[in-house]
Amino acid sequence: MAQMTMIQAITDALRTELRRDPTVLVFGEDVGHVGGVFRATEGLQKEFGEERVFDTPLAESGIGGLAVGLGVQGFRPVAEIQFIGFIFEVMDSIVAQAARMRYRSGGRYNSPIVFRTPYGAGVKSPELHSDPLEGLLAQTPGIKVVVPSNPYDAKGLLISAIRDNDPVFFVEHLKLYRSIKGEVPEGEYTIPLGKANVVKEGKDVTIITYGAMVHTSLEAAKLIEQERGVSVEVIDLRTIKPLDMETVIASVQKTNRAIVVQEAQRSAGVAAEVIAQINEKAILHLEAPVLRCAPPDTVIAFPQIEDEWVPNAARIVHTLKQVLDF
Amino acid sequence: MANAAVGKDYSVKLQPVEMLKVLSPEGKIINEDMVPDLTDDQLREIMRRMVFTRAWDKRAVSLQRQGRLGFYAPVSGQEASMIASEFATQKEDFICPGYRDMPQLVWHGYPMYQAFLYSRGHQHGGEIPEGVNVLLPQIIIGAQIVQAAGVAMGFKLKKQKNVVVAYTGDGGSSQGDFYEGLNFAGAFNLPVVFIVQNNQYAISTPRSKQTAAETIAQKAIAAGIRGIQVDGMDALAVYKATHDAVERARNGEGPTLIETVTYRFGPHSMSGDDPSKYRTKDEQGEWENIDPLIRMRKYLESKGLWSEEEENQVMEEAKATVNEQIKKAEQTPKMTIEGLIDSMFEVTPPDLEEQKALYAAAKGDK
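In this text, all values refer to a predicted model and were calculated from it rather than measured experimentally.

**Observations regarding the packing of aromatic side chains**
Residue and element names in this part refer to chain B.
Alright, step 1. In this structure the tally under the stated criterion is 16 aromatic pairs over all chains.
Alright, step 2. Ring geometry for Phe-71 versus Tyr-99: centroids 6.0 Å apart, planes at 80°, classification edge-to-face. Highlighted residues: Phe-71 in the loop between α2 (40–65) and α3 (79–86) and Tyr-99 in the loop between β1 (94–96) and α4 (102–107), separated in sequence by 28 residues.
Alright, step 3. Where Phe-178 meets Tyr-179, the ring centres are 5.6 Å apart and the plane angle is 85°; that geometry is what we call edge-to-face.
Alright, step 4. Using a relative accessible area of 38% as the deciding quantity, one classes Tyr-179 as partly exposed.
Alright, step 5. The rings of Tyr-201, Tyr-263, Phe-265, Tyr-278 and Trp-287 are connected pair by pair, giving a single aromatic cluster.
Alright, step 6. The residue whose ring lies beneath Lys-328 is Tyr-113, and the NZ or CZ to ring-centre distance is 4.1 Å.

**Here's the deal with the packing of α2 of chain B against helix α12 (residues 292–302) of chain B**
All names here are of chain B.
Alright, step 1. Look at α2 against α12: their axes get within 10 Å of each other, and the N-to-C directions meet at 145°. For α2 against α12, the interelement crossing comes out left-handed. Listed contacts from α12 to Leu-43, Arg-44, Ile-46, Met-47, Met-50, Val-51 and Arg-54 of α2 are Pro-292, Leu-293, Met-296, Arg-297, Tyr-299 and Leu-300.
Alright, step 2. Class assignment for the residues of the contact of α2 with α12 results in 10 nonpolar, no polar and 3 charged.

**Digging into the pairing of strand β3 (residues 192–198) of chain B**
Two faces belong to every sheet, and in a regular strand the side chains alternate between them.
Residues and elements named next belong to chain B.
Alright, step 1. With 7 of its 7 residues buried, β3 lies for the most part within the structure.
Alright, step 2. The two faces of β3 match: Val-192, Phe-194, Val-196 and Asn-198 on one face and Val-193, Ile-195 and Gln-197 on the other face are all buried.
Alright, step 3. Bridge analysis of strand β2 (residues 164–169) against β3 gives 6 bridges, and the strand direction is parallel. Across the sheet, residue Val-164 finds its bridge partner in β3, namely Val-192.
Alright, step 4. Crossover handedness for the path β2 to helix α7 (residues 176–187) to β3: right-handed.
Alright, step 5. Inspection of the sheet shows β3 paired to strand β7 (residues 256–261) by 6 bridges, in the parallel sense. Bridged to Phe-194 within β7 is Leu-257.

**A word on unusual backbone geometry**
Residues and elements named next belong to chain A.
Alright, step 1. Here the bond from Lys-241 into Pro-242 is cis, since omega is -5°, no more than 30 degrees from zero.
Alright, step 2. Inspection of the secondary structure assignment puts Pro-242 in the loop between β12 (239–241) and α10 (245–255).
Alright, step 3. Look at Arg-238: it is not a glycine, yet its phi comes out positive at around 65°.
Alright, step 4. Tracing the sequence through the fold places Arg-238 in the loop between β11 (232–236) and β12.
Alright, step 5. One non-glycine residue, Asn-256, adopts positive backbone phi at about 65°.
Alright, step 6. Topologically, Asn-256 is positioned in the loop between α10 and β13 (258–261).

**Considering the sheet that holds strand β6 (residues 144–146) of chain A**
All names here are of chain A.
Alright, step 1. Overall, mixed pairing links the 7 strands, which are arranged β3-β2-β4-β5-β7-β6-β12 in an open sheet. The open sheet terminates on both sides in strands that have one partner only, identified here as β3 (53–55) and β12. With direction set aside, neighbouring strand axes in the sheet form an average angle of 20°.
Alright, step 2. As paired elements, strand β4 (residues 76–80) and strand β5 (residues 114–119) share 3 bridges and run parallel to each other. Looking across to β5, one finds that Glu-80 is bridged to Arg-116.
Alright, step 3. In the packing of helix α1 (residues 6–20) onto the sheet, contacts are made with β2 (24–28), β3, β4, β5 and β7 (168–173), and the angle to β2 comes to roughly 135°.

**Here we look at the nonpolar core**
One broad trend across soluble globular proteins is that nonpolar side chains are buried collectively.
Alright, step 1. The biggest cluster of nonpolar side chains holds 149 residues, and the ones touching the most others in it are Phe-169, Val-274 and Ile-278 of chain A together with Phe-194 and Met-296 of chain B.
Alright, step 2. Top contributing element to this core by residue count: α2 of chain B, with 11 residues.
Alright, step 3. Each residue touching Phe-194 of chain B, except ones within four places of it in the same chain, is listed here: Ile-145, Ala-148, Ala-166, Gly-181, Leu-182, Ala-185, Ile-225, Pro-255, Thr-256, Leu-257 and Ile-258 of chain B.

**Some thoughts on a nonpolar patch on the surface**
Alright, step 1. On the surface, a nonpolar cluster with roughly 270 Å² of combined accessible area is contributed by Phe-88, Leu-128 and Leu-136 of chain A.
Alright, step 2. Here Leu-136 of chain A lies in helix α6 (residues 134–138).

**Thoughts on the environment of Pro-185 of chain A**
Alright, step 1. If you trace the backbone, Pro-185 of chain A turns up in the loop between β8 (182–184) and β9 (197–200).
Alright, step 2. Leaving out residues up to four positions away in the same chain, Pro-185 of chain A has contacts with Met-1, Asp-12, Tyr-152 and Lys-155 of chain A.

**Let's talk about the environment of Thr-260 of chain B**
Residue and element names in this part refer to chain B.
Alright, step 1. Relative to the assigned elements, Thr-260 resides in strand β7.
Alright, step 2. A sequence separation of 178 residues divides Thr-260 from Met-82, and the C-alpha atoms of the two residues are 9.3 Å apart.
Alright, step 3. Look past the residues within four positions of Thr-260 in its chain and what remains in contact with it is Ser-81, Ile-195, Val-196, Gln-197, Asn-198, Val-230, Gly-232 and Val-238.
Alright, step 4. Separated by 2.8 Å, the side chains of Thr-260 and Ser-81 make a polar contact.

**Concerning the side chain of Thr-348 of chain B**
Residue and element names in this part refer to chain B.
Alright, step 1. On the secondary structure map, Thr-348 appears in the loop between α14 (337–342) and α15 (350–362).
Alright, step 2. Of the residues examined, Thr-348 reaches a relative accessible area of 14% and is grouped as buried.
Alright, step 3. At 2.8 Å, the side chain of Thr-348 forms a polar contact with the side chain of Asp-342.
Alright, step 4. Setting aside anything within four residues of it in sequence, one finds Thr-348 in contact with Ile-341, Asp-342 and Glu-353.

**Some words on the interface of chain A and chain B**
Alright, step 1. With 38 residues of chain A in contact, the opposing surface of chain B contributes 44 residues.
Alright, step 2. Between chain A and chain B lies a buried interface of about 3,400 Å² when both sides are counted; carbon and sulfur atoms form 60% of it.
Alright, step 3. It is Gln-73, Arg-104 and Arg-108 of chain A in chain A that bury the most area against chain B; as a group they hold 20% of the surface buried on that side.
Alright, step 4. Here chain A is connected to chain B by 3 salt bridges.
Alright, step 5. A salt bridge links Arg-108 of chain A to Glu-130 of chain B, with the nearest nitrogen and oxygen atoms 3.7 Å apart.
Alright, step 6. In this assembly, chain A and chain B are joined by 18 residue pairs in polar contact (both at pLDDT 80 or more).
Alright, step 7. Looking at the side of chain A that touches chain B, the elements that each hand over two or more residues are β3, α3 (60–72), α4 (91–97) and α5 (101–104) of chain A.
Alright, step 8. Top contributing element to the side of chain A that touches chain B by residue count: α3 of chain A, with 10 residues.
Alright, step 9. Class assignment of the residues belonging to the side of chain A that touches chain B gives a composition of 16 nonpolar, 11 polar and 11 charged.

The rules behind each value
- Just so you know, the residues in each chain are numbered from 1, in the order the chain's sequence is written.
- Here chains are named by letter from A upward and ligands by number from 1 upward, in the order in which they appear as written.
- In keeping with the predicted nature of the model, local features appear solely for residues at pLDDT of at least 70, side-chain atom pairs appear and are counted solely at 80 or more, and the whole-chain, interface and lining totals rest on all residues.
- With hydrogens and water set aside, each side-chain value is computed from the structure's full complement of heavy atoms.
- Ring pairs are drawn from Phe, Tyr and Trp, using the six-membered ring of Trp, whenever the two centres fall within 6.5 Å, and their geometry is named by plane angle: stacked under 30 degrees, edge-to-face over 60, tilted for the rest.
- Under the scheme used here, helices are H or I runs from DSSP no shorter than 4 residues and strands are E runs no shorter than 2 residues, and both carry numbers assigned from the N terminus.
- Using a 1.4 Å probe on the protein chains alone, a residue whose accessible area is under 20% of its type maximum counts as buried, one over 50% counts as exposed, and one in between counts as partly exposed.
- Think of it as a cone above the ring: NZ of Lys or CZ of Arg counts as a charge over the ring if it is within 6 Å of the ring centre and within 35 degrees of the ring normal.
- Where helices are involved, their axes are fitted lines through C-alpha atoms of the stretch in contact, as for all axes, and angles between N-to-C directions lie from 0 to 180°.
- With the far helix as reference, a near helix turned anticlockwise by less than a right angle produces a left-handed crossing, and one turned clockwise produces a right-handed crossing.
- Any two residues whose heavy atoms approach within 4.5 Å are treated as being in contact.
- Under the scheme applied here, ten amino acids are nonpolar (Ala, Val, Leu, Ile, Met, Phe, Trp, Tyr, Cys and Pro), four are charged (Asp, Glu, Lys and Arg), and all others, including Gly, are polar.
- Pairing between two strands is assigned when DSSP locates at least 2 bridges connecting them.
- Seen with its strands pointing away from the viewer, a crossover is right-handed when the path leading from the first strand over the helix to the second is clockwise.
- By nonpolar core is meant a set of buried Ala, Val, Leu, Ile, Met, Phe, Trp, Tyr and Cys residues that side-chain atoms within 4.5 Å join together.
- Think of a patch as exposed residues, more than 30% relative accessible area, with no salt bridge, where like charges cluster within 9 Å and nonpolar side chains (Val, Leu, Ile, Met, Phe, Trp, Tyr) cluster within 5 Å.
- Areas reported here follow the Shrake-Rupley algorithm with a probe of radius 1.4 Å; residue values treat only the protein chains shown as occluding.
- What makes a salt bridge here is a side-chain nitrogen of Lys or Arg within 4 Å of a carboxyl oxygen of Asp or Glu, nothing more.
- N or O atoms closer than or at 3.5 Å make up a polar contact, with two conditions inside protein: a donor-capable atom paired with an acceptor-capable one, and, for residues adjacent in sequence, both atoms drawn from side chains.
- Two parts placed together each lose some accessible area under a 1.4 Å probe, and adding up what both lose gives the buried area.

In structure tokens:
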């Protein structure tokens, strides 16, 4: 099995689907000739031609509209939005058009579109490149939101997203693109959307998280296990809309204590939703309130202090202790 | 500053835009070279559709007042612009409409009772039948323009010789999506025709406040595509401009922007708009004098192709059709929350299944 970075796994997923299905199209700003600003589409135009892998003019709303129109024509567009902050320019296409197409047309049309976009703190990118905006999309009816945490998942989830007949917002963490390598099988495999992954089993407390925070949470788990001799379970949600509450509830019923760790601002996000559902489904199993470890409700910190803004292992350990000592 | 005054003027200049006209308001041919190639039957059919649409519009306005229709945007005054342009398309061509463009959809094959259901807020209204190549009426002004580029690229990739016709208004031409759509169409050389029905007002905002550009047609130039301004009260001119643009697009000769200069006789919509607040009776009267139906009627009468009797017959036919179609809409069973939930995704995910059950369980507690 090949060792790949997440960016290589993403390219591999795109190549696999471009080979398998002639209706798959890959486009966006700089994705064709140069292979994307992060080289996620490197070599794809050469292999599949300019009709299937191409550069667009610099206009995100145009890219979104193109994807919606191509979806109506039976294509499977994979549209890259160069950085997550630019989605505001294409919000209409994603939220008001693609996400509603099936509903508005009573199923006559659909939007089998993947909007791929990089995000995430930790690489000191300029403003509006790294904002954790996944919660905005998770609140949108009609769209699925996927956040992979490692190369193996990225490939399997992206293939599932491309094959899905409804729109998927696929968010790739900048810090994970090249910082970790993992084993990635050749060829086709899928990881179902809407299924979480228990990345570490434990019995005393559960950390529910996703994206780059999976790695920070594992680090925190190790620290507190050494310090306290407790056993921590870590769940990688993988898909934040729809949520796999079955896996979460099963874990909470076992550990009776939980925290949610997210890179996005504290309020009204994934953590709030996970906690609301634990409250609805497992309140009598809880020995302590479910707490959030998340940045404050500010605009994402400027690069100089972004590492302090995003939860780190020490802050996660602090939150775990509050739950364990309740 | 001084240099700017005395130096050579390097600024980009635009040639004056000349409006394409074929028929005078009196129904006389004023531009022999540009008379479209239409048979007598086709000419009569365009007139029949315009008269039918006028009667349908009148009836729809009163149905709305009776509470039998929901949102309705009247179309009277724009019949030449709407109907003669759609008449230049083939059934396999694709229409991307704005919310006022119900006539083009219906004449392209979308059942009228579904247009009524859409207005009444029923999901089946949006369920375009197979084989009818139209998108749903677009509410977000301009979104249909960028989508039209995508639908057109689909035709091009499938090597299908079909064309997309997208409609918006003078207000729509101010949207960012309008420019993005035109630019994408030009950059990818797509088979699409953009029709801006310049009816002089975006709700209440006049055309003069919409843009400093002298015409909307000239906005094509910045995108590097063909642009043409046409008398939108003249069915023959609209047909000619659209037909030429559609056939060029079909032959891979690229997109065109058509500005049809027209007027809506009625309010923006039936939801409380009062045109007397932003335009004068005199102005309205001037436009009513150049009614597209009057000039086409005069032209056809001069050729012995139309009569009052025939016109009355078409109006009766329209009334009967509207009555039958509104009944069909009214008799369509009400939709359900469960059905709505199940229409969000191809396969309803577990969270929505759970919410469906929650809804059903709470139904009894009133």
